[in-house]
Each structure stands twice: as C-alpha cells, then as structure tokens.
Number of protein chains: 2
Amino acid sequence: MPVAATRGASSTRERILDAAESLFIEHGYAATSLRAITTAADVNLAAAHYHFGSKFDLLAAVFHRRIEPVERGRLEALDALERQEAPFSVRDVVYAFLSPMYGAEADDLLDVLPDLIGRIYAEPESLTKPLLEGEFSGVAGRYLTALGQALPDVPPAELRWRFHFTIGAMIQLLRFRAPLGLTAERADFVGSLDRLVDYVVAGLEQERTS
Amino acid sequence: MPVAATRGASSTRERILDAAESLFIEHGYAATSLRAITTAADVNLAAAHYHFGSKFDLLAAVFHRRIEPVERGRLEALDALERQEAPFSVRDVVYAFLSPMYGAEADDLLDVLPDLIGRIYAEPESLTKPLLEGEFSGVAGRYLTALGQALPDVPPAELRWRFHFTIGAMIQLLRFRAPLGLTAERADFVGSLDRLVDYVVAGLEQERTS
DNA sequence: GCTAAATTTAAACGGTCGTTTGAATGAATC
DNA sequence: GATTCATTCAAACGACCGTTTAAATTTAGC
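Summary of the structure given here. This structure is a prediction, so every number in the text was calculated from the model and none was measured. (Residues numbered from 1 in each chain as written. Chains lettered and ligands numbered in written order. Predicted model: local features only at pLDDT ≥ 70, side-chain atom pairs only at ≥ 80, totals over all residues. Heavy atoms only, no water.)

## Overview of the protein's contact with DNA strand C
Piece 1. Taken together, 16 residues sit near DNA strand C, with A:Ser33, A:Arg35, A:His49, B:Thr12 and B:His51 positioned nearest.
Piece 2. Within the backbone of B:Asn44, an N or O atom sits 3.2 Å from a phosphate oxygen of DNA strand C.
Piece 3. In the environment of DNA strand C, a phosphate oxygen lies 2.7 Å from a nitrogen or oxygen atom belonging to the side chain of B:His51.
Piece 4. Elements that contribute at least two residues to the surface near DNA strand C include exactly α2 (34-41) and α3 (45-52) of chain A together with α3 (45-52) of chain B.
Piece 5. When residues in the surface near DNA strand C are grouped by element, the largest group, four residues, is from α3(B). (Near = heavy atom within 4 Å. Polar contact = N/O pair within 3.5 Å; in protein donor to acceptor, adjacent residues only side chain to side chain. Helix = DSSP H or I, 4+ residues; strand = E, 2+ residues; numbered from the N terminus.)

## Notes on the relation of the copies chain A and chain B
Piece 1. The transform that puts chain A on chain B rotates by 180° and translates by 0.0 Å along the axis, for an RMSD of 0.1 Å. Both copies of the chain, as the preceding transformation shows, are related through a two-fold rotation axis. The rotation axis passes nearest to the C-alpha of A:Ala122 in chain A, at a distance of 2.0 Å.
Piece 2. A share of 100% of interface residues in chain A that are also interface residues in chain B marks the association as one of identical surfaces. (Least-squares fit on C-alpha atoms with pLDDT ≥ 70 in both. Contact = heavy atoms within 4.5 Å.)

## Things to note about the interface of chain A and chain B
Piece 1. Listed per partner, the contact involves 46 residues of chain A and 46 residues of chain B.
Piece 2. In total, chain A and chain B occlude about 4,100 Å² of area from one another, counting both sides; carbon and sulfur atoms represent 59% of this.
Piece 3. If you sort the residues of chain A by the area they bury against chain B, A:Trp161, A:Phe165 and A:Tyr199 come out on top, with a joint share of 20%.
Piece 4. Connecting chain A to chain B are two salt bridges.
Piece 5. A salt bridge links A:Glu158 to B:Arg195, with the shortest nitrogen-to-oxygen separation between them at 2.3 Å. (Buried area = accessible area lost by both parts, 1.4 Å probe. Salt bridge = Lys/Arg side-chain N within 4 Å of Asp/Glu carboxyl O.)

Take a look at the structure:
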C-alpha cells in the first residue's frame, strides 16, 4: 500500500520520472513501455507501479512536475499585470502568458518543457483531455478575461477563436521548434519566442487595413 | 478482374482502409492493433499484411488516400492564381491553400480529413516525418514562393517562420475544431475556416501599427 | 471444366505488454 | 535485539502484439 513518504524525496521516484519523461517525449506514451522506463532508470520494473500506481498515473506525474511551475508563473505574471494601474495591451498579456519561458530561471525549464508540452498535446485526446483539463483549466479562463479587457471591442466568442489559434501557433513552435529548412539552436529559442509574439499579437488584434 | 462493384459491398482493401482510418483517428497509431482493424473491417487478420505489407505501410496508404486529392487541389489553385495577370494578395494565397476544404466537392472530404490530418500531425516525429515529407514536400515550397511574391519586403527566413505558425494555427483548428467552451457544428466548419483566414492573414502580414 | 493465379482463412510463431505476487531487504522504533 | 513497515526484488501472470505459414477457397484465362 502506497504510504506518503513525505520525507526526503526517493531517488527511485525521481529516476523513474526522469526516464519516463525523456522516453515519453521521444516515442510517445503508447510506444513507451514501463520496462523501457525502469530499465533506463535502473530500477526494478515493479517500482513504477509501487510509486505511481499505473502507467497513466506516471504520465500524469511527469506532466504535473513540469507544468505546475509554468502555470503558477503565468498566474503570477497576470496578477502583476492586473495590479498595475495603466491599462495593459494585448502584447502585455501575451508576454505574461509566455513569461515562464522567458525568465532567467527558465534555463533548466527550457531543456525539457517545450518537448514535453508538445508531446502531450500530440497524444490522443482520450489521454490528454484529463491531463489538460486538470492542469490548464483555471489559467485559460483568466487569460481570456484579460484579453477581453485589452480588446474590449471584440466579442467574447470571437476572442476565444483567436486565442484558440494562438495556442496552435505556440504548440507548433514547441513541437517542431523551427520551420522545415531552418535550424534553431537552443540559444535561439528566445528569438523564436519573439517571432511568435509578433505573429500572435497581429492575429489577436487583427487591425485590418484593407 | 474486380468489376466496379462500387455499390454496397466494398473490397477487402477498402474495408481495411476505412476501418484503419477511423481507428487511427480515434486512438492513434501505436494504440491501434491490426486485430482491432481487421475485426472492425470484418476481414481476416492476415489480409492486412497481404494487401499492405506492414502496419506502417497501411498507415501510409490511409494517409495517402485522403491527402493526395488535397495536395493536388492546392497545386491547381495555386496554378490558377499564378496564371491570372493581376498580382495576388496574401489572402489569395491563404485561400488557395485552404481551397480543398472550401469547395463543393469537399463535402465528403470534410467528414474525415480534418481529424486524420490532425491525428497524423500528432504522432511521434519518427512516424510522421516519412509520411509528411513524402506528401507535403513540393506543395510547401511552392506556397512559400507565392507568399514571398505577395510579401516582397519580408525576408525569406522570416517568412518561413510566419508560415510555420500559420500551419500551427491550422492544425489547431483541424485537431480540436472549436476552442474549449465553444461548440462547432459540422456546418460551421466553413465559418471556422473564415476565422482562421482572418487570423493567419493578420499574422502573415503583420502590419504593425504601434 | 481445367488449370493457375489471386485471395482468404485458421492457426501458430516468438515477443512484449501492464500488472501482480510474495519474499528479501533496509532502516527506524521500541 | 526484536518488531515494524516502507521499499526493492525476481519471477510469473494472462493478454495482446505484429508477423508468418501453409492450406483452403475463390477467381480468371483458356
């Protein structure tokens, strides 16, 4: 019976999480076996079930470990934006949403997060839906509200669509990094983020000139 | 020889393709077994290997059957655009790219295509890369050239990025149809496409006003 | 109608899968 | 030192996997 070992983190647990993370990213969930995970982690096969209960719960734990700080950072950035007195722009909101990937402490985060989010989004909906709803539910709503304040003339339904496409452009960057035929060095990722911001701000604002 | 028995009973080959298509869409490639496919198709298990050689080749056949008409339509629409004498706009190019999903004959296409493309794009790269390169290689290059003519002041590398994000927004629509909290009826898909066009044209042109 | 090729069939191949078991190990408590 | 309990371990469970085989059946050509 799993009893919460709140004491020092078990290194077995962490090694399983690390190995599962990199293998899930590379081959996807269904194509990654617990045997491959526990072998890479150099732990016994049964340890995975002992610590996580099931393969799906292991995936959820892998996802939560990385996404929780990002979601917290997004909420804090939005809090800070809303506390300031001057009205904020669409660009401000977009920057707040991407702030966890810009910050200095994002250095170790960027090693894994983009690939992981990209992979999770790529799994069949039956797998991802419980994960995404659990992790993203609150944040999306708050950012939609903020976007509505920055774009008061855009109907809410229309705004949801534009936010929808924005997520798509972001996922495309996270999954494939660079367009076909272009290489993106690890150091260029912030530059890629800047390009993403320009693109999605234009799409969100849609200041048609023609 | 197989007389055109197009009505009622379809061939073993087609029944396998149909069953594989819907199961791949629903559960993904790795999570779908050949036994599930051949059972749903009501054919013998070995028939899948007899007609297609391997599970991967079956996936390629499923993909090719649907994507080939789309790619052909995209090339024809671009041909028509380039034949006309007046210079074309970014919006013209985007419409040409999406034209196979607008046309009247797209009615039966829209039943499956969005889900299938979305699912293919969601598979691990090791699976999708051989498929996408085989099917999409030529079309992407020609559309990049056309976009460059419509946006002569944008450097080619920058244009590739914007096209990259555009694909992402399109995939997001194909995969999830509507944003969370909004429902999109089957008949609304053309309306969703119009919203997508507005969004990506703004992102591609990026006529910054601030 | 016979023959030969094309297709379908049942059965099995060797492996890998997620999960479970029960005993061995380790560390802390009394 | 004995007890307790969380953790690790080797081993096995039944199930399902993709693929192959060889015989049975259907189809087409003559």
